[in-house]
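Each chain is listed here by its residues.
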Amino acid sequence: MSATDLHELLRSLRVWAPEITELPPFDPTAAPPTPVALFTTWFAQTVEAGQPEPHTMSLATSDADGNPDVRIVMLHGADENGWSFATHATSRKGRQLSARPYAALAFYWPVLGRQVRVRGPVTSAPSEESQADLHARSTGALAAALTGRQSDVLPSVEELRRASQAAWQQARLDPSAPSPTWTLYRLRPDEVEFFQGDPERRHVRLVYRRTGESEIWTRELLWP
């Protein structure tokens, strides 16, 4: 495909096609006082609307030199303590969070024309809690964690196959097998933005900002 073909293909695509997207009204004056309450409501509505994989999110980090990085990860929970996700502490994102413990998350739910952006400092949970998080997941998740060496250079696909097969066998025989580097992280937001698309492009952007270290939030609207 040439650059021209790609350009034409891009021009043929639509955002929020009406046959798959419903843009519900959003009154920011009726929003709850805390962002996690609104997030919980929006998440439930997104699931009900049939959004595929609504629990996936972009995780943006930066390395020790400040160079940005981003990837898709899975949300493990959200409450007053923050938004949680997990990975190996020895992975690229784990090393980046160790060097610069601040990150940003982005959820995109096109079935309702919604986005949620979250950013703030990140802390790691104690090992016991991290292992409990891992063992509450599927056998496949445990096998993947036991395979380990995430982000390291892989000499061959065959080596991955052998390591994965051994990890699957271990996970099936010992569902409580530990993965020492598996770490549960929590992002405690300084700022959370909710974006609701509008058919007339009068999109609603509501941002919550934390006041210092308190649990008091201020709310503001942003120009779309």
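Residues numbered from 1 in each chain as written. Predicted model: local features only at pLDDT ≥ 70, side-chain atom pairs only at ≥ 80, totals over all residues. Heavy atoms only, no water.

Draft legend 1. Structural context of the overall build of the chain. A count of helices and strands for the chain gives six helices and 10 strands. Referenced to the eigenvectors of the C-alpha coordinate spread, the extents of the chain come out at roughly 55 × 55 × 40 Å. Looking at the chain as a whole, 37% of its 224 residues are labelled buried. Once local pairs closer than 6 in sequence are excluded, the contacts in the chain between residues at least 24 apart make up 64%. Per element, the accessible surface of the chain, about 13,100 Å² overall, is 55% carbon and sulfur. Charge separation in the chain, taken as the distance between the mean sites of 23 positive and 27 negative side-chain charges, equals 3 Å. (Helix = DSSP H or I, 4+ residues; strand = E, 2+ residues; numbered from the N terminus. Buried < 20%, exposed > 50% of the residue type's maximum accessible area, 1.4 Å probe, protein only. Contact = heavy atoms within 4.5 Å. Areas by Shrake-Rupley, 256 points an atom, 1.4 Å probe, with all protein chains shown as cover. Lys, Arg positive; Asp, Glu negative; His and termini not counted. Charge placed at Lys NZ, Arg CZ, Asp CG, Glu CD.)

Draft legend 2. Main features of the packing of aromatic side chains. As enumerated under the stated definition, the model contains 12 aromatic pairs in all. For the pair phenylalanine 194 and tyrosine 208, a centre-to-centre distance of 5.7 Å together with 70° between the ring planes defines the contact as edge-to-face. With phenylalanine 194 in strand β8 (residues 191-196) and tyrosine 208 in strand β9 (residues 204-210), this residue pair connects regions lying 14 residues apart in the sequence. Overall, the relative accessible area of 0% leaves phenylalanine 194 in the buried class. Looking at tyrosine 208, the relative accessible area reads 0%, which means it is buried. It is arginine 114 that lies over the ring of tryptophan 42; its NZ or CZ is 4.1 Å from the centre. (Phe/Tyr/Trp six-rings, centres within 6.5 Å; stacked < 30°, edge-to-face > 60°. Lys NZ or Arg CZ within 6 Å of the ring centre and 35° of its normal.)

Draft legend 3. The arrangement of the nonpolar core in detail. Counting 28 residues, the largest nonpolar core has Leu38, Phe39, Trp83, Phe85, Phe107, Val116 and Phe194 as its most contacted members. If you list the elements that add at least two residues to this core, you get α2 (35-48), β1 (56-62), β4 (82-88), β5 (102-109), β6 (114-124), β7 (182-187), β8 and β9. If you look at the next biggest cluster of nonpolar residues, it comprises 12 residues, including Ala86, Leu142, Ala171 and Trp182. (Core = buried A, V, L, I, M, F, W, Y, C linked by side-chain atoms within 4.5 Å.)

Draft legend 4. Representation of the pairing of β5. Going residue by residue along β5, you find Ala103, Leu105, Phe107 and Trp109 tucked away on one face and Tyr102, Ala104, Ala106 and Tyr108 left uncovered on the opposite face. With three bridges connecting them, β1 and β5 associate as antiparallel partners. Residue alanine 60 lies in a different strand from β5, and its bridge partner there is alanine 104. Where β5 and β6 come together, eight bridges link them in antiparallel fashion. Looking at β6, one finds that tyrosine 102 is bridged to proline 121. Joining the antiparallel neighbours β5 and β6 is a turn of four residues, in which glycine 113 adopts a positive phi near 65°. (Pairing = 2+ DSSP bridges.)

Draft legend 5. Quick look at the pattern of salt bridges. Summed over the entire model, instances satisfying the criterion amount to 13 salt bridges. One salt-bridge network, in which partners are shared between bridges, spans Arg119, Glu191, Arg209 and Glu220. (Salt bridge = Lys/Arg side-chain N within 4 Å of Asp/Glu carboxyl O.)

Draft legend 6. Broad picture of a nonpolar patch on the surface. Judged by side-chain polarity, Met1, Leu6, Leu9, Leu10 and Leu13 come together as a nonpolar surface patch covering roughly 550 Å² of accessible area. Within the secondary structure layout, leucine 10 lies in helix α1 (residues 3-12). (Patch = residues over 30% accessible without salt bridge, like charges linked within 9 Å, V, L, I, M, F, W, Y side chains within 5 Å.)

Draft legend 7. Representation of helix α5 (residues 139-147). Within the span of α5, buried status applies to Ala141, Leu142, Ala143, Ala145, Leu146 and Thr147. Those residues of α5 that are buried are in contact with β4, α4 (127-135), α6 (157-173) and β7. Following α5 by one or two positions, glycine 148 has its phi on the positive side, about 65°.

Draft legend 8. A look at the pairing of strand β2 (residues 68-74). Taken together, the seven bridges between β1 and β2 define a ladder with antiparallel strand orientation. Along β2, the bridge assignment pairs threonine 61 with aspartate 69. Between β1 and β2, which pair antiparallel one after the other, the connecting turn spans five residues, and glycine 66 there sits at a positive phi close to 90°.

Draft legend 9. Representation of the environment of threonine 218 in the model. You can see threonine 218 is positioned in strand β10 (residues 217-222). A relative accessible area of 38% means that threonine 218 is categorised as partly exposed. Distance from threonine 218 to glutamate 191, taken between C-alpha atoms, is 9.6 Å for residues 27 residues apart in sequence. When near neighbours in sequence (up to four residues on either side) are disregarded, threonine 218 contacts Val207, Tyr208, Arg209 and Thr211.

Without other data, these values stay purely geometric and don't point to any function.
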